[in-house]
Amino acid sequence: MDAGNRKRLLDVNEELASRGLRVLAFADKELTDGADDDIDNGYTLLGFAGISDPPRPEAKSAIEKAHDAGIRIVMLTGDQVLTAKAIAADLRLSDGDEVVSIHAQELENSDPAYLANIARQVDVFARVSPEDKLRIVESLQDAGEIVAVTGDGVNDAPALKQADIGVAMGMRGTDVAKEAADVVLTDDNFATIVTAVEGGRTIYANIVRFVHLMFSHNLGERLII
């Protein structure tokens, strides 16, 4: 494959990915019965397939409510950068005008201070491994953030365990993810998390009001006595 054809095919991949599609490339090779066949090279490209995996309808409004509540959402994904960035833009994941994305390769051999600074600015981390997820969670915590992590797979377990609040999916989540998490969502719905935060903050606010009320009453009585 010459440089021209390679660039043309990469452009096709980028065009599909920029539409938020997960791109698969298909190739074939005829193998003989010989034991020395190289299974890593010598394939002929057949084409690409773009797979659409759209977010749930309620996800966009839930993310908007989370932003209003002062909660920052960060996407950690194994997808390529363009796919992840397109999905994040559709969900309006960023508080700013443009989604800030980064490839996990750029995090290799980075010191904790640099990683903590990057983690507080980036909206999308693409091509991340389980180790990358764990390092990102630790970096956000080192930067003083309270971190909640959602996940459903075995590769999410280390990050779920490290997070201040690990949230596993109850329907499609693996047993390992559920055991590592602090909370299990029975409906696998991100909007449920936002609703739970709203309910928790309401309870906390009511407790604070009650304590203030009791303190003012009791203090007044003690002063009179």
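Residues numbered from 1 in each chain as written. Predicted model: local features only at pLDDT ≥ 70, side-chain atom pairs only at ≥ 80, totals over all residues. Heavy atoms only, no water.

Trainee: What am I meant to see in the nonpolar core here?
Mentor: In summary, soluble globular proteins display a tendency toward joint burial of nonpolar side chains. Counting residues in hydrophobic clusters, the biggest one holds 22 residues, and the most contacted among them are I102, L107, I118, F125, I136, V137 and V149. Taken together, the elements giving at least two residues each to this core come down to α4 (112–119), α5 (130–142), α6 (157–162) and α7 (175–180). Residues in contact with I102, not counting those within four places in the same chain, are V81, L107, I118, V122, V124, F125 and A126. Counting 15 residues, the second largest nonpolar core, distinct from the first, contains A62, I73, A88 and V194. (Core = buried A, V, L, I, M, F, W, Y, C linked by side-chain atoms within 4.5 Å. Buried < 20%, exposed > 50% of the residue type's maximum accessible area, 1.4 Å probe, protein only. Helix = DSSP H or I, 4+ residues; strand = E, 2+ residues; numbered from the N terminus. Contact = heavy atoms within 4.5 Å.)

Trainee: Explanation requested: the packing of aromatic side chains in the structure shown.
Mentor: Describing an aromatic ring pair means giving the distance of the ring centres and the angle of the ring planes. Taken as a whole and judged by the stated rule, the model has 0 aromatic pairs. Positioned over the ring face of Y43 is K29, at 5.8 Å from the centre of the ring. (Phe/Tyr/Trp six-rings, centres within 6.5 Å; stacked < 30°, edge-to-face > 60°. Lys NZ or Arg CZ within 6 Å of the ring centre and 35° of its normal.)

Trainee: Before we go on, may I ask you to explain a nonpolar patch on the surface in this structure?
Mentor: Taken together, I203, I207, F210, V211 and M214 make up a surface patch of nonpolar side chains, about 480 Å² in accessible area. Considering the arrangement of structural elements, one finds F210 in helix α8 (residues 190–224). Owing to a relative accessible area of 51%, F210 belongs among the exposed residues under this scheme. (Patch = residues over 30% accessible without salt bridge, like charges linked within 9 Å, V, L, I, M, F, W, Y side chains within 5 Å. Areas by Shrake-Rupley, 256 points an atom, 1.4 Å probe, with all protein chains shown as cover. Salt bridge = Lys/Arg side-chain N within 4 Å of Asp/Glu carboxyl O.)

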